[in-house]
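Chain residues, written in single-letter form:
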Amino acid sequence: NDMCVLFVRGMLFLFLTIVGIPGNATVIVAFLLLLYQEKRLLAADAILLHLACVNLLVVVVRALTETLASFRLADIFGDTGCKSVIFIYRATRGLSIWLTFLLSTYQCLSIAPPGSSWASVRALLGHYLAFVFLFLWVLNACMTTAAILFSFSTKNETSPIDNGINVQFCYLNFPSKLSRDANGAIQVGRDVVPMALMTLASLIILVFLYKHSQQVKGLRSSGGGGAGNSGAEQRAAKAVVALVTLYVVFYGADNGLWVYTLTVKKTMSSSLISDLRLFFGSLYAALSPLVIIASNRKVNSRLGCVAHEKSAVEKIKNLSSM
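Residues numbered from 1 in each chain as written. Predicted model: local features only at pLDDT ≥ 70, side-chain atom pairs only at ≥ 80, totals over all residues. Heavy atoms only, no water.

### Describing the overall build of the protein
How we decide: Put simply, DSSP H or I for four residues or longer makes a helix, DSSP E for two residues or longer makes a strand, and each gets a number counted from the N terminus. Only protein chains enter the calculation, and the probe is 1.4 Å; a residue is then buried if its accessible area is under 20% of its type maximum, exposed if over 50%, and partly exposed in between. Two residues form a contact once any of their heavy atoms are found within 4.5 Å. Using the Shrake-Rupley algorithm and a 1.4 Å probe, accessible areas are obtained, with residue cover drawn only from the displayed protein chains.
When its secondary structure is counted, the protein shows 10 helices and three strands. Going residue by residue from the N terminus, the α and β elements of the protein occur as α-α-α-α-α-α-β-β-β-α-α-α-α. In the protein, which comprises 322 residues, the share counted as buried stands at 45%. Sequence-distant contacts, at least 24 apart, represent 76% of the contacts inside the protein between residues at least 6 apart. In the form shown here, the protein has an accessible surface area of approximately 16200 Å², with 70% of it arising from carbon and sulfur atoms.

Right, dumping it as structure tokens:
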């Protein structure tokens, strides 16, 4: 029975690995090609590149290691392995959340009329984007120190711990109920605050898109001009709303299960709820690049160029071999 559970667990994380690593790597390569060709990246593109890098780390550090461990292909989760994997996963997971919030905020500011104070805030944010990235890295690393202090391998434990949380191959062994609940509250707060703010930003974007479509309909019915040059902004706004929707669904489930774990004591010693949390927490990192690839024309055009060059090279090889 335990082997069957481990097999199903391994297959779920294998799915995340197969989808997430190529997807995020594709987005990273596309934006690096864009950077090489144009010598610079727009702020929104830089955020998407950073998000893809962080999501790739989430998938590699969590989904890939869980796959290897479930199928007994590697012995990763000793004490040091547990501390490293949980720390990197939680820090990058938090970064993924805050970068999605940053992207939705930037896109929300992009619909502000030129010359307004909000447009100035957007320009300021774009100018100091590197410092914002650094601040978010430091913030999430500092909020994840519990992973280093309290993570231990399950190999060293023969019985459940009163204030511990079982995450299959590791325990988070807190010294007291208060420290466990405080850490849990910090983790939930770190997720819920950007979730609420990015949902608000997405609602503002949706209202703007609705008003804009009504204006376009009015212009067409009166025989006026078309939609102008805002097509790219419209597509970018819709893509951001899609990413935020993915985030709210998957991380909402993750946080709901986390609160359930903290409030129902019998779930502490079982890894089932933790497994579900890890799956939903990694699902956004694995699937979000598919949204970016499907909706971002810059990514599509770079991938199209690579495919075209490969086909041209193959044709030349075929001609030379004749």
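### Overview of the side chain of Ser96
Residue placement: Ser96 occurs in helix α3 (residues 79-110). With residues up to four places along the chain from it excluded, the contact list for Ser96 reads Leu51, Val54, Asn55, Tyr251 and Tyr284.

### What to know about the packing of aromatic side chains
Heads up, the condition is: Planes of paired rings set the category: under 30 degrees apart is stacked, over 60 is edge-to-face and the rest tilted, where pairs are Phe, Tyr or Trp rings (Trp by its six-membered ring) whose centres lie within 6.5 Å.
In this structure the tally under the stated criterion is four aromatic pairs. Centre to centre, the rings of Tyr128 and Phe131 are 6.1 Å apart; their planes meet at 50°, and the pair counts as tilted. With a relative accessible area of 58%, Phe131 lands in the exposed category. Ring geometry for Phe279 against Phe280: centres 6.0 Å apart, planes inclined by 70°, an arrangement best described as edge-to-face. Phe280 gets classed as partly exposed once you look at its relative accessible area, which sits at 25%.

### What about the packing of helix α2 (residues 43-70) against helix α9 (residues 272-295)?
Basically, it comes down to this: To obtain an axis, a line is fitted to C-alpha atoms, over the contacting stretch when the element is a helix, and the angle between two such axes runs from 0 to 180 degrees between their N-to-C directions. Here the word oblique covers every angle except those under 35 degrees (roughly parallel), over 145 (roughly antiparallel) and from 65 to 115 (roughly perpendicular). The hand of a helix crossing depends on one turn: near helix anticlockwise from the far one by less than a right angle means left-handed, and clockwise means right-handed. Nonpolar residues are Ala, Val, Leu, Ile, Met, Phe, Trp, Tyr, Cys and Pro. Charged residues are Asp, Glu, Lys and Arg, and all others, Gly as well, are polar.
Relative orientation of the contacting elements α2 and α9 amounts to 140°, with a least axis distance of 9 Å. The angle between the axes of α2 and α9 places the two elements in the oblique class. Handedness of the α2/α9 crossing: left-handed. Residues Leu48, Leu51, Asn55, Val58, Val59, Arg62 and Glu66 of α2 lie in contact with α9, whose contacting residues are Leu278, Ser282, Tyr284, Ala285, Ala286, Ser288 and Ile292. For the contact of α2 with α9, the residue count by class is nine nonpolar, three polar and two charged.

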